[in-house]
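Architecture at a glance
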Number of protein chains: 2
Amino acid sequence: MSDGNGFLLHVDSSADRRGEVSVTRRLTGMFARSWRERHGGAGYRYRDLVAEPVPLVGSGYVGLGTRVERQGVVPLEKVAALAEGAEEEREWALTLPLVSELREAGTVLLGVPMYNFGVPAALKAWIDRVSFPGAYTDPDSGRPLLGGTRVVVVAACGGGYGPGTPRADCDFQVPYLRAYFGELGVAEDALHIVRAELTRAGDMPGLARFQGLAAESLTAAEEAVAGLAARP
Amino acid sequence: MSDGNGFLLHVDSSADRRGEVSVTRRLTGMFARSWRERHGGAGYRYRDLVAEPVPLVGSGYVGLGTRVERQGVVPLEKVAALAEGAEEEREWALTLPLVSELREAGTVLLGVPMYNFGVPAALKAWIDRVSFPGAYTDPDSGRPLLGGTRVVVVAACGGGYGPGTPRADCDFQVPYLRAYFGELGVAEDALHIVRAELTRAGDMPGLARFQGLAAESLTAAEEAVAGLAARP
């Protein structure tokens with residue numbers, strides 16, 4: 001179970017693995033540095049979902065997950081005993097460390113660019129694996145285990161998707177993450193989403209006229225990230 | 001460029017690779033059999049995104065894609081000449097066959113279960129790779145190349161996400177695919193989405209009372225798929 005003093009789990013999902021152009025990697029890096037300066041490096045964990053992709057869930061995951069779900073909420077330590085066959089055991093061995101890591105984190109910091117209106121496949125592979133049935137519910141009380149976890153999402157999108165823009169109904173990134181983490185049991189006031197918009201304004205001829213807005217959005221995002229990093 | 005007589009590209013993304021419980025694999029299989037009976041097997045291609053995952057896009061994809069995008073619409077056959085270094089070349093070698101396959105298909109049949117409110121990571125990995133800048137736009141006319149392509153999405157979701165249900169605003173599967181394929185240039189009347197809902201009603205205690213609705217939804221989906229398969 002998580003508490004406010006847990007470690008920082010820093011997760012990046014931008015395809016720009018070397019961080020040459022990635023806005024999200026730069027901003028999560030800023031947050032992480034600030035956090036380490038205040039808390040030291042011991043409570044810091046980093047996961048690069050592109051450098052080390054989370055394997056796609058397979059038949060064994062579905063089989064084990066379905067069996068567990070039929071029983072209601074199964075405590076994490078009793079799941080292994082329900083696995084049938086080598087494939088389910090292998091899937092669980094891939095899943096348990098990621099689930100445990102998420103449950104134990106005090107703060108989860110996610111770098112999430114928008115790709116094709118949604119979150120990157122790299123992040124979705126992590127989501128599809130960590131979202132094991134019942135893993136974030138207290139088996140005794142039925143209450144969410146992530147109720148004390150702080151989630152900071154640093155998002156970026158190449159265009160503009162805000163309310164009133166022509167693409168407002170193509171935003172399957174931020175609304176998606178709100179729905180997903182809400183379902184996982186993260187408290188609404190513990191979920192912080194910062195987004196830099198129009199980050200491709202310098203690359204895409206059609207967006208060139210929005211370069212001023214893009215710069216403003218980036219500055220606002222940097223300030224928001226700095227503010228969040230300075231809080232406990 | 002695609003035409004109505006092109007081949008059938010059948011793409012599955014359910015984690016249940018052996019198809020033991022997957023609704024989408026069963027229904028896309030039904031469509032594909034019917035199609036092959038009418039057209040023969042020669043024009044049929046199958047892609048299992050779980051058995052053979054599409055590698056995540058990386059820095060080389062971003063670098064090449066950005067360079068191409070700055071130039072406007074670059075014809076597919078001229079992209080290779082713009083690649084700089086082995087990493088970009090490798091990324092393009094992974095991308096071109098998938099892009100070409102999608103461009104040349106007459107009908108694209110996709111099996112898409114809902115995982116954690118969205119499309120499976122396996123499908124998103126394909127989407128993130130095939131959506132190369134400019135690849136579906138005619139460089140001369142600027143018109144969409146997929147204007148004549150028929151897309152049949154066979155979707156499934158474990159719960160109920162229809163209008164009026166408590167989870168209606170958690171559906172990031174069907175609205176997402178509509179937005180994505182619309183952006184790609186697929187005509188609205190050529191995009192057919194069939195969805196079986198409440199497919200987990202038999203597994204999840206909380207959904208047990210919806211088993212009747214689930215059976216109705218499945219029957220309706222089967223009929224819709226059979227109807228679509230019988231059309232040209």
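Everything that follows concerns the structure shown earlier in this document.
Worth saying up front: this structure is predicted, and the values here are computed from it rather than measured.

Residues and elements named next belong to chain B. Read across the sheet, five strands follow the order S2-S1-S3-S4-S5 without closing on themselves; strand pairing throughout is parallel. Edge positions in the sheet fall to strand S2 (44-48) and strand S5 (191-196), since each has one partner strand and no second. Ignoring which end each strand starts from, the neighbouring axes of this sheet average 15° apart. Of the pairings in the sheet, the one linking strand S1 (residues 8-12) to S2 comprises five bridges and is parallel in character. Bridge pairing in S2 links Leu8 to Tyr44. Contacts between helix H6 (residues 211-229) and the sheet are confined to strand S4 (150-156) and S5, with S5 contributing the most and set at about 155° to the helix.

So, on to the sheet that holds strand S3 (residues 107-113) of chain A. All names here are of chain A. Taken in spatial order, the five strands make up an open sheet running S2-S1-S3-S4-S5, and their pairing is parallel. Edge positions in the open sheet fall to strand S2 (44-48) and strand S5 (191-196), since each of these has one partner strand only. Adjacent strand axes in the sheet meet at a mean angle of 15°, parallel and antiparallel pairs treated alike. Together, strand S4 (150-156) and S5 form the strand contacts of helix H6 (residues 211-229), whose direction differs from that of S5 by roughly 155°.

Contacts between the two partners involve 42 residues from chain B, matched on the other side by 42 residues from chain A. Here chain B meets chain A over a buried area of about 3400 Å², counting both sides, of which 58% is carbon and sulfur. If you sort the residues of chain B by the area they bury against chain A, Leu56, Asn116 and Phe172 of chain B come out on top, with a joint share of 17%. Joining chain B to chain A, the criterion identifies 28 residue pairs in polar contact (both at pLDDT 80 or more). Contributions of two or more residues to the side of chain B that touches chain A are made by helix H2 (59-70), helix H4 (121-130) and helix H5 (174-184) of chain B. If you tally residues by element for the side of chain B that touches chain A, the top one is H4 of chain B, at six residues.

The next thing to look at is the relation of the copies chain B and chain A. Once chain B has been moved 0.0 Å along the axis and rotated by 180°, it coincides with chain A to within an RMSD of 0.0 Å. The relationship between the two copies is best expressed as a two-fold rotation axis. For chain B, the residue whose C-alpha comes nearest the rotation axis is Ala121 of chain B, separated from it by 2.5 Å. Interface overlap between copies: 100% of the residues of chain B at the interface are likewise at the interface in chain A, consistent with a symmetric, same-surface contact.

Moving on to the environment of Gly148 of chain B. With respect to the helices and strands, Gly148 of chain B occurs in the loop between H4 and S4. When the C-alpha positions of Gly148 of chain B and Ala220 of chain B are compared, they lie 27 Å apart, and in sequence the two are 72 residues distant.

Let's shift gears to the pairing of strand S3 (residues 107-113) of chain B. In the case of a regular strand, side chains alternate between the two sheet surfaces. Residues and elements named next belong to chain B. Among the seven residues that make up S3, seven are buried, leaving the element largely enclosed by the rest of the structure. Summarising the sheet, S1 and S3 pair through five bridges and their orientation is parallel. Bridge pairing in S3 places His10 opposite Leu109. Note that S3 and S4 share seven bridges and pair parallel. Residue Leu109 lies in a different strand from S4, and its bridge partner there is Val152.

Residue and element names in this part refer to chain B. Interaxial distance between helix H3 (residues 85-104) and H4 falls to 9 Å at its minimum, and their mutual angle equals 95°. Taken as axis vectors, H3 and H4 run roughly perpendicular relative to one another. Along its contact with H3, which presents Glu91, Leu94, Thr95, Leu98, Val99 and Leu102, the element H4 presents Trp126, Arg129 and Val130.

So, on to the pattern of salt bridges. As enumerated under the stated definition, the model contains 30 salt bridges over all chains in all. For the salt bridge of Glu88 of chain A with Arg67 of chain A, the shortest nitrogen-to-oxygen distance reads 2.8 Å. Of this pair, Glu88 of chain A sits in helix H3 (residues 85-104) while Arg67 of chain A sits in helix H2 (residues 59-70), and the two are 21 residues apart along the sequence. Across this residue pair, the class does not change: Glu88 of chain A and Arg67 of chain A are buried. Bridged by salt links that share partners, the residues Glu69 and Arg70 of chain A together with Arg200 and Asp203 of chain B form one connected network.

With that settled, consider unusual backbone geometry. Residues and elements named next belong to chain B. Phi is positive for Phe117, which is not a glycine, with a value near 75°. Among the structural elements, Phe117 can be located in the loop between S3 and H4. Residue classification places Phe117 among the buried residues on the basis of a relative accessible area of 5%. The phi dihedral of Leu198 is positive, around 60°, even though this residue is not glycine. Tracing the chain through its elements places Leu198 in the loop between S5 and H6. Judged by relative accessible area, Leu198 falls into the buried class, the value being 10%.

Conventions adopted
Residues numbered from 1 in each chain as written. Chains lettered and ligands numbered in written order. Predicted model: local features only at pLDDT ≥ 70, side-chain atom pairs only at ≥ 80, totals over all residues. Heavy atoms only, no water. Pairing = 2+ DSSP bridges. Helix = DSSP H or I, 4+ residues; strand = E, 2+ residues; numbered from the N terminus. Axes fitted to C-alpha atoms, helices over the stretch in contact; angles between N-to-C directions. Contact = heavy atoms within 4.5 Å. Buried area = accessible area lost by both parts, 1.4 Å probe. Polar contact = N/O pair within 3.5 Å; in protein donor to acceptor, adjacent residues only side chain to side chain. Least-squares fit on C-alpha atoms with pLDDT ≥ 70 in both. Buried < 20%, exposed > 50% of the residue type's maximum accessible area, 1.4 Å probe, protein only. Parallel < 35°, antiparallel > 145°, perpendicular 65-115°, else oblique. Salt bridge = Lys/Arg side-chain N within 4 Å of Asp/Glu carboxyl O.

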